[in-house]
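Observations on chain architecture
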Amino acid sequence: MRLLIVEDERRLALSLAKGLTAEGYAVDVVHDGSEGLHRATETPYDLVILDIMLPGLNGYRVCAALRAAGHEVPILMLTAKDGEYDEAEGLDTGADDYLTKPFSYVVLVARVKALLRRRGSAGTSPVHVVGELTVDTAAHRVHVGESEVTLTAKEFAVLEQLVVRAGEVVSKAQILEHVWDFAYDGDPNIVEVYVSTLRRKLGAPLIRTVRGAGYRLEVPR
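Residues numbered from 1 in each chain as written. Predicted model: local features only at pLDDT ≥ 70, side-chain atom pairs only at ≥ 80, totals over all residues. Heavy atoms only, no water.

**So, the UniProt feature "modified residue: 4-aspartylphosphate" (unreviewed entry) in the chain**
As annotated in UniProt, the feature "modified residue: 4-aspartylphosphate" (unreviewed entry) corresponds to Asp51 in the numbering used here. Other than its neighbours up to four places away in sequence, Asp51 contacts Val6, Glu7, Asp8, Gly59, Leu78, Thr79 and Lys101. (UniProt positions renumbered as here; feature names shortened; annotations may be inferred. Contact = heavy atoms within 4.5 Å.)

Shown next, in the form of structure tokens:
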């Protein structure tokens, strides 16, 4: 899952990004409304965390512009303001949820997960079964047969990109885009390292390398 944080309080934004990255999400951060609108328009994010009081465009205008353009990405609004009118205005512009500062980080993560589950339940099931492999993307649990397999957050995120497109080729670039943030400038071969680890942990040769194209999670015939 790839998230966008639009927050001008840099310390808060970076703290949230660090925590959510540890949860297994790829997180991008911008600090003004105009850049946030541009980024959310150009990139297919799974969720946007949007502050209301922003330089450039405020959060209400960013949210309204995204909805007017037909973007259905879940939006969690943040504000230091408090009051029923503010919450109603945020929800009227198309936000999916609302959190008033100061807030508990645990509560924010719970809200993020709830919004992502809600989005997933509107489409496909969060439980994917491919042969002996079962991946619950909502609970972040993996089983091979009856045995549960323990994965790190990044390992799970890589596997998730493959399992939701089981039988299709997923390129290294696509995995990097969704699992690492846009600022990642390290060795792209890091994907190979994680795929190798997944093969070892999952046991069966489920993940095939398609030379020059990427990887495919095999679907048993």
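**Topic: unusual backbone geometry**
Here the residue pair Lys101 and Pro102 is connected by a cis peptide bond, since its omega of -10° sits within 30 degrees of zero. Locating Pro102 in the fold gives a position in the loop between strand S5 (97-100) and helix H5 (105-121). (Helix = DSSP H or I, 4+ residues; strand = E, 2+ residues; numbered from the N terminus.)

**What to know about the pairing of strand S2 (residues 26-30)**
Within S2, five of the five residues are buried, which leaves it mostly tucked inside the rest of the structure. Of the two faces of S2, the one carrying Ala26, Asp28 and Val30 and the one carrying Val27 and Val29 are both buried. (Buried < 20%, exposed > 50% of the residue type's maximum accessible area, 1.4 Å probe, protein only.)

**Examining the sheet that holds strand S8 (residues 141-144)**
The strand order S6-S7-S8-S9 describes an open sheet built from four strands, whose pairing is antiparallel. At either margin of the open sheet sits one strand with a lone partner, and together these are strand S6 (127-130) and strand S9 (147-149). Taken over all neighbouring pairs, the strand axes of this sheet differ in orientation by 20° on average, direction set aside. As paired elements, S8 and S9 share three bridges and run antiparallel to each other. For His143, the partnering residue across the bridge sits in S9 and is Glu148. Contacts from helix H6 (residues 153-163) reach S6, strand S7 (133-136) and S8, with the element oriented near 110° to S7. (Pairing = 2+ DSSP bridges. Axes fitted to C-alpha atoms, helices over the stretch in contact; angles between N-to-C directions.)

**Here we look at the pattern of salt bridges**
It is possible for side chains bearing opposite charge to pair when their charged atoms get close. All chains considered together, the criterion is met by 14 salt bridges. Between Glu9 and Lys101 there is a salt bridge whose closest N-O contact spans 3.0 Å. One end of the pair, Glu9, is in the loop between strand S1 (2-6) and helix H1 (10-22); the other, Lys101, is in the loop between S5 and H5, and 92 residues separate them in sequence. Taking the relative accessible area as the measure of exposure, Glu9 reaches 39% and is therefore partly exposed. Of the residues examined, Lys101 reaches a relative accessible area of 14% and is grouped as buried. Counted as one network, the salt bridges with shared partners bring together Glu7, Glu9, Asp51 and Lys101. (Salt bridge = Lys/Arg side-chain N within 4 Å of Asp/Glu carboxyl O.)

**Here's the deal with the packing of H6 against helix H7 (residues 172-179)**
Viewed as axis vectors pointing N to C, H6 and H7 meet at an angle of 130°, and their least axial separation amounts to 10 Å. Taken together, the axes of H6 and H7 lie oblique to each other. At the point where H6 passes H7, the crossing takes the right-handed sense. Contacts from Lys154, Ala157, Val158, Gln161 and Leu162 in H6 reach Ile175, His178 and Val179 in H7. When grouped by side-chain class, the residues that make up the contact of H6 with H7 number five nonpolar, two polar and one charged. (Parallel < 35°, antiparallel > 145°, perpendicular 65-115°, else oblique. Left-handed = near helix turned anticlockwise from the far one by under 90°. Nonpolar A, V, L, I, M, F, W, Y, C, P; charged D, E, K, R; others polar.)

**Quick word on the sheet that holds strand S3 (residues 47-51)**
With parallel pairing, the five strands of this open sheet are ordered in space as S2-S1-S3-S4-S5. The sheet is open, and its two borders are formed by S2 and S5, each paired with just one other strand. Direction aside, neighbouring strands of the sheet carry axes that sit 20° apart on average. As judged from the four bridges shared by S1 and S3, these two strands associate in the parallel manner. Each bridged residue has a counterpart across the sheet, and for Leu3 the counterpart in S3 is Leu47. Together, S1, S2 and S3 form the strand contacts of helix H2 (residues 33-42), whose direction differs from that of S1 by roughly 165°.

**Topic: the environment of Leu202**
Within the element layout of this structure, Leu202 appears in helix H8 (residues 190-202). Sequence spacing of Leu202 and Val149 is 53 residues, and the spatial spacing of their C-alpha atoms is 7.2 Å. Residue contacts for Leu202: discarding those within four places in its chain leaves Leu133, Val142, Val144, Val149 and Leu159.

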